[in-house]
Amino acid sequence: MTQNTGETQGSTVLVTGASGRTGSRVAEAARAAGLTVRAASRARGFDWHDGSTWPQVLRGADAAYLVYPSDVGAPDAAETVGRLAREAVALGVRRLVLLSARGEEQARPTEEALRASGADWTVVRAAWFAQNFSEGPLVAELREYGELVFPAGAVREPFVDARDIADVVVAALTGGERYVGQVVEVSGARLLTFGEAVAEVAAATGRELSYRAVPAGEYGERLAGFGVPPEEVEFLVGLFETLLDGRNAHLSDGVRQVLGRGPRDFGDFAREAAAAGVWKP
Ligand SMILES: NC(=O)c1ccc[n+]([C@@H]2O[C@H](COP(=O)([O-])OP(=O)(O)OC[C@H]3O[C@@H](n4cnc5c(N)ncnc54)[C@H](OP(=O)(O)O)[C@@H]3O)[C@@H](O)[C@H]2O)c1
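Within each chain, residue numbers correspond to sequence positions counted from 1 in written order. This being a predicted model, a pLDDT of at least 70 is required before a residue's local features are given, and a value of 80 or more before pairs of side-chain atoms are given or counted; all residues contribute to the totals for chains, interfaces and linings.

K.L.:
Mind showing me how you'd approach the overall build of the chain here?
P.N.:
Helix and strand content of the chain: 11 helices and 10 strands. Note on method: radius of gyration uses C-alpha positions; expected globular size equals 2.2 Å times residues raised to 0.38. In terms of C-alpha radius of gyration, the chain reaches 19 Å, essentially the compact-globule figure of 19 Å for 281 residues. Taking the principal axes of its C-alpha atoms as reference, the chain extends roughly 50 × 40 × 35 Å. Residue burial here comes from a neighbour count, namely the number of other C-beta atoms, placed from the backbone, that lie within 10 Å of the residue's own C-beta, with 20 or more meaning buried, 12 or fewer meaning exposed, and in between meaning partly exposed. Of all 281 residues assigned to the chain, the portion counted as buried reaches 46%. For the chain, long-range pairs separated by at least 24 residues make up 79% of all intrachain contacts whose partners lie at least 6 apart in sequence. A helix here means a DSSP run of H or I that spans at least four residues, while a strand means a run of E at least two residues long, and both kinds are numbered starting from the N terminus. Once C-beta atoms have been placed from the backbone, residue pairs whose C-beta atoms lie within 7 Å are recorded as contacts.

Below, the structure written as structure tokens:
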């Protein structure tokens with residue numbers, strides 16, 4: 001649990017993406033730290049793509065956690081995040097923490113738009129989430145067919161537990177001036193290939209699970225076959241080609257810097273999710 005210095009006890013934080021992998025955990029950690037959470041997503045009437053829904057969630061909040069769907073580097077992200085951040089500041093919501101991605105050049109304009117808004121900003125750049133293997137679009141195939149098909153070759157990635165991201169975000173929100181104007185890069189403790197990660201999941205479940213690497217272009221054709229619109233396919237293929245080219249095959253020490261402890265281990269994540277039945281066919 002994140003220690004709250006006291007100043008922010010009882011203050012209200014808007015959590016966007018509150019039903020998602022990080023937002024749900026940020027909401028939980030924020031409540032545990034004594035903050036009042038205002039959970040937001042489309043299911044609760046907040047839509048990033050409809051500015052008329054923004055004031056109702058911003059007004060009266062003290063801080064916000066910003067998660068831009070589906071990707072912080074999406075072509076419209078900088079413009080939209082910048083607009084919401086300026087509106088937040090105008091409504092007195094000065095403390096803004098943005099979830100971004102390590103090594104994602106496409107996300108830099110979004111970070112810049114946040115900086116330019118005049119907010120008291122913090123950017124948390126995360127590695128790939130461990131929870132990509134247990135929640136979200138990659139899970140069904142792994143659970144149902146025992147195979148993960150992905151364009152990651154044999155590149156190594158330090159998968160980070162979304163609970164560590166949440167703890168870092170809440171530490172930033174409750175840390176007063178300490179993390180204002182800072183970029184914090186967070187990763188897990190070990191570099192694993194996607195194949196090694198799937199092998200750890202397999203060991204935790206007792207099932208035979210495998211990873212099949214495919215070229216990014218071929219993966220894009222699969223996405224198109226699943227009905228993903230062409231412009232999104234193009235964006236994702238470009239994203240995977242760059243993010244998974246080895247540039248992120250290194251550890252970052254943001255979890256230890258901010259929390260004073262090491263990151264949660266991928267093996268523990270796999271065992272806990274397996275015990276919860278996530279990969280049961
Ligand atoms: N996956 C990774 O490994 C990774 C690594 C680094 C950074 N990131 C960044 O993480 C972000 C995604 O975060 P996440 O994985 O925690 O979320 P997520 O699990 O993908 O969930 C998306 C959340 O956003 C909400 N949402 C979707 N469309 C919305 C809209 N138009 N307006 C308002 N809310 C909307 C969803 O709820 P509703 O459906 O109810 O709206 C849900 O709560 C992206 O910006 C991505 O670039 C991801």
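K.L.:
How do you make sense of unusual backbone geometry when you look at a structure like this?
P.N.:
Note on backbone geometry: most residues besides glycine have negative phi, and most peptide bonds are trans. Ser70 follows Pro69 through a cis peptide bond whose omega is -15°. Note that Ser70 resides in the loop between β3 (63-66) and α3 (77-90).

K.L.:
Looking at this model, I keep getting lost on the UniProt feature "domain: NmrA-like" (unreviewed entry) in the chain. Mind explaining?
P.N.:
UniProt positions are given in the numbering used here, feature names are shortened, and annotations may be inferred rather than shown by experiment. As annotated by UniProt and renumbered to match this structure, "domain: NmrA-like" (unreviewed entry) occupies residues 111-229. In residues 111-229, the share of helix is 40% and the share of strand is 20%. The end C-alpha atoms are 26 Å apart.

K.L.:
Can you walk me through helix α1 (residues 23-32) in this structure?
P.N.:
Three or four residues apart is the spacing at which side chains of an α-helix point the same way, because the helix has 3.6 residues per turn. Considered for burial, the residues of α1 that qualify are Gly23, Arg25, Val26, Ala27, Ala29 and Ala30. Of the surrounding elements, those touching the buried residues of α1 are β1 (12-16), β2 (36-40), β3 and α6 (162-174). Gly34 sits one or two residues past α1 and shows a positive phi near 90°.

K.L.:
Honestly, the site of the ligand in this entry has me stumped. Any pointers?
P.N.:
For each residue, a C-beta position is placed from the backbone atoms; the residue is near a molecule or strand when that point lies within 6 Å of it. Every one of the 26 residues lining the ligand counts as a neighbour, but Gly17, Gly20, Thr22, Ser41 and Arg42 are closest to it. Residue composition of the shell around the ligand, by class: 13 nonpolar, nine polar and four charged. Each residue gets one of three labels, nonpolar for Ala, Val, Leu, Ile, Met, Phe, Trp, Tyr, Cys and Pro, charged for Asp, Glu, Lys and Arg, and polar for the others, Gly among them.

K.L.:
What is the right way to look at helix α4 (residues 108-116) in this model?
P.N.:
Among the residues of α4, Thr110, Glu111, Ala113 and Leu114 are the ones counted as buried. Each buried residue of α4 sits inside an arc of 155° when the element is viewed along its axis, so together they form one side. For α4, the secondary structure elements touched by its buried residues are α3, β4 (95-101) and β5 (120-126). Phi turns positive one or two residues past the end of α4, at Gly118, with a value near 90°. Our arc is simply the arc of the directions from the helix axis toward the C-beta atoms.

K.L.:
Any chance you could explain the pairing of β1 here in plain terms?
P.N.:
Each regular strand displays side chains that alternate between the two surfaces of the sheet. Summarising burial for β1: four of the five residues are buried, a large majority. Here five bridges tie β1 to β2, and the two strands are oriented parallel to one another. Residue pairing across strands places Leu14 opposite Arg38, the latter belonging to β2. Assignment of crossover handedness uses the view with strands pointing away from the viewer, where a clockwise path from the first strand over the helix to the second indicates a right-handed crossover. This β-α-β element, β1 to α1 to β2, shows right-handed connectivity. A pair of strands is considered paired only if DSSP assigns at least 2 bridges between the two.

K.L.:
Looking at this model, I keep getting lost on the nonpolar core. Mind explaining?
P.N.:
Across soluble globular proteins, you tend to see nonpolar side chains buried next to one another. A set of buried Ala, Val, Leu, Ile, Met, Phe, Trp, Tyr and Cys residues, joined through C-beta atoms within 7 Å, is what we mean by a nonpolar core. Ranked by size, the top nonpolar core spans 87 residues in total, and within it Val124 and Val169 carry the most contacts. The element contributing the most residues to this core is α6, with nine residues. Residues within four places of Val124 in sequence aside, it is in contact with Val97, Leu99, Ser100, Ile165, Val168, Val169, Ala172, Val184 and Val186.

K.L.:
Just checking my understanding: could you explain the sheet that holds β2 for this structure?
P.N.:
Within a sheet, each strand pairs with its neighbour through backbone hydrogen bonds, oriented either parallel or antiparallel. Here six strands make up an open sheet; going across it, the order is β2-β1-β3-β4-β5-β8 and the pairing parallel. Only two strands of the sheet have a single neighbouring strand rather than two, namely β2 and β8 (182-186). Averaged over all adjacent pairs, the angle separating strand axes in this sheet is 20°, with direction ignored. Bridging between β1 and β3 involves three bridges; their strand directions are parallel. In the sheet register, Val15 faces β3, and the bridge partner there is Tyr65. For every element, the axis is a line fit to its C-alpha atoms; helices are fit only across the contacting stretch, and the angle between N-to-C directions ranges from 0 to 180 degrees. Against the sheet, α4 contacts β4 and β5, and its axis sits at roughly 170° relative to β4. Running at roughly 165° to β5, α6 makes contact with β1, β3, β4, β5 and β8 of the sheet.

K.L.:
What is the right way to look at the packing of α1 against α6 in this model?
P.N.:
A pair of packed helices is characterised by two quantities: the angle between their axes and the separation of those axes. Running from N to C, α1 and α6 point in directions that differ by 50°, and their axes come no closer than 8 Å. Compared by their axis directions, α1 and α6 come out oblique. The crossing of α1 and α6 is right-handed. From α1, Arg25, Val26, Ala29 and Ala30 reach across to α6, where they touch Ala162, Arg163, Ala166, Asp167, Val169, Val170 and Leu173. Residue composition of the contact of α1 with α6, by class: eight nonpolar, no polar and three charged. Put simply, angles under 35 degrees are roughly parallel, angles over 145 are roughly antiparallel, angles from 65 to 115 are roughly perpendicular, and the rest are oblique. A clockwise turn of the near helix away from the far one marks a right-handed crossing, whereas an anticlockwise turn of less than a right angle marks a left-handed crossing.

K.L.:
Just checking my understanding: could you explain the environment of Glu232 for this structure?
P.N.:
Take Glu232: it is sitting in helix α9 (residues 230-243). Taking C-alpha positions, Glu232 is 38 Å from Glu177, a pair spaced 55 residues apart along the chain.

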